[in-house]
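Here is how the chains run, residue by residue.
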Amino acid sequence: MKITRVEPLVLNVSEKTNWFFLRVEADNGLKGIGEASLNGWEPAQVAVTQTLGAQWAGQAVAELLPRLRVYPHSPGGLIGCSIVSAMEQALTDLSAKAAGLPVFEWLGRSLPGGVRRRAVRVYANINRGARDRSPDGIAEAARHAVDQGFGAVKIAPFDGVYWGDADTAEITRRTREGVDRVMAIREAVGPDIGIMIDCHWRFDEARTMGLIEAVKPAKLFWFECPVSENPDAFAMLERVHVATNAAGMQLAGAEHQIGVSGFAPFVADHRLDVIMPDIKYTGGFAEMLRIAATCEAHGVHFSPHNPTGPVCNIASMHLCGVAPAFLIMEHQLAESPLYFDVACGYKPLLKDGCFVLPENPGLGIALDDAMLKAHPYQPLPPNANLDERLG
């Protein structure tokens, strides 16, 4: 089975979001898909796809797949890694289809633990779907998720906060608004629903310590990315980790790291309780499984980052079916009705707070060309993405 075509496909979802997919065709007529969504960088991703796709065309799937690796030192950075990761997803989809197996079963055949679960626990990321940013609006979005059957929800409540801004009074006000949103969620969903908050690296150490105390009454399931995760901030991160645990919360993060080596400082040195690798960036299925095995060896939780489109969602589901150290998986809820319109085939079934894995071959979904044509790539305004200073 040889590659005949590698095609980038960009779908505009809203004024704030594009999704980036990769579709690979083989000489036997089968097609595989992957996702590389990296909001705001789509033209660069298309260029990288064209360059690498020319190199991949004509190669045998079985020979290329194990050679697809990502490296933190790659000149292509996160953009190049996203395309390699999507290609690995697509070739895995092709390989499983050729074997007549769903991806999780195809992967499980070669793993010591085999298939570990046929339903994967998920939480609802309600942030992009919650367009009313008042505490009442956020609370309503959380109630809606719980009514659908999700047992945990996540919000990024600190709109417009960056620790380095000069106007500290404004930072304080916006932080307080974020805390009010978190408390409104807890009041709305009751004591038994897990709540995660994503801080997107917005705080310095002093403000983080104050924030930990402020949200402590909400009894969070985890506290995500409060401070920088760059090497020069490791000592600060370790102190924040201690304070977070003392407040009864887990510390989560590391969503933009690449490969096993990128996660090693967070896993082997226990700087985080939960790491959040993203299959779109960190190398696809094979590298995600190597990272999960490292987590298992060091007693760190593995929770895939998954705040984008339906291909990443279904790929992450299959991965979680075989991954060790698995805790819970993210699901982007209610950002756009296109989520299920563009993906033909299996629609995830939520049962007891878990997505049931599909039984049809490969990933179990295909992309709808009519929907892709009807919603082509659109340039996004600068404020559609996170502040470049964050991270």
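Residues numbered from 1 in each chain as written. Predicted model: local features only at pLDDT ≥ 70, side-chain atom pairs only at ≥ 80, totals over all residues. Heavy atoms only, no water.

Once that is clear, we can look at the sheet that holds strand β2 (residues 17-26). Strand order across the open sheet formed by three strands is β1-β2-β3, with antiparallel pairing between neighbours. Edge positions in the sheet fall to β1 (3-14) and β3 (31-35), since each of these pairs with one other strand and no more. Put simply, the sheet's adjacent strands are angled 25 degrees from each other on average, direction ignored. Strand direction decides the pairing type here: β2 and β3, joined by five bridges, are antiparallel. Looking across to β3, one finds that Leu22 is bridged to Gly34. (Pairing = 2+ DSSP bridges. Helix = DSSP H or I, 4+ residues; strand = E, 2+ residues; numbered from the N terminus. Axes fitted to C-alpha atoms, helices over the stretch in contact; angles between N-to-C directions.)

Moving on, we come to the pattern of salt bridges. Enumeration according to the criterion identifies 25 salt bridges in this entry. Among the salt bridges present, the one from Asp369 reaches Arg23, with a minimum N-O distance of 2.8 Å. Linking Asp369 in helix α13 (residues 369-374) with Arg23 in strand β2, this pair joins segments that are 346 residues apart in sequence. Given the relative accessible area of 43%, Asp369 is considered partly exposed. Residues Glu170 and Arg174 are paired through a salt bridge, measuring 2.9 Å at the closest nitrogen-oxygen approach. (Salt bridge = Lys/Arg side-chain N within 4 Å of Asp/Glu carboxyl O. Buried < 20%, exposed > 50% of the residue type's maximum accessible area, 1.4 Å probe, protein only.)

Within the element layout of this structure, Arg202 appears in the loop between β6 (194-198) and α7 (205-215). The sequence separation of Arg202 and Leu367 amounts to 165 residues, and the corresponding C-alpha distance is 36 Å. Excluding anything up to four places from it in sequence, Arg202 contacts Phe158, Gly160, Val161, Tyr162, Trp163, Cys225, Pro226, Leu386 and Leu390. At 2.8 Å, the side chain of Arg202 forms a polar contact with the backbone oxygen of Val161. (Contact = heavy atoms within 4.5 Å. Polar contact = N/O pair within 3.5 Å; in protein donor to acceptor, adjacent residues only side chain to side chain.)

Take the pairing of β1 next. Of all twelve residues in β1, nine are buried, a share of seventy percent or more. When β1 meets β2, the two strands line up antiparallel, connected through ten bridges. Opposite Val10, over in β2, you have Phe20 as the bridge partner. If you look at the hairpin formed by β1 and β2, you'll find two residues sitting between the two strands.

Okay, unusual backbone geometry next. Backbone geometry places Lys219, a non-glycine residue, at a positive phi of 50 degrees. If you trace the backbone, Lys219 turns up in the loop between α7 and β7 (222-224). Judged by relative accessible area, which is 66%, Lys219 ranks as exposed. Backbone geometry at His270 places phi at a positive 50 degrees, although glycine is not the residue there. Of note, His270 is situated in the loop between α9 (259-267) and β9 (274-275).

Note that every value here comes from positions in space, so none of it alone points to a role or purpose.
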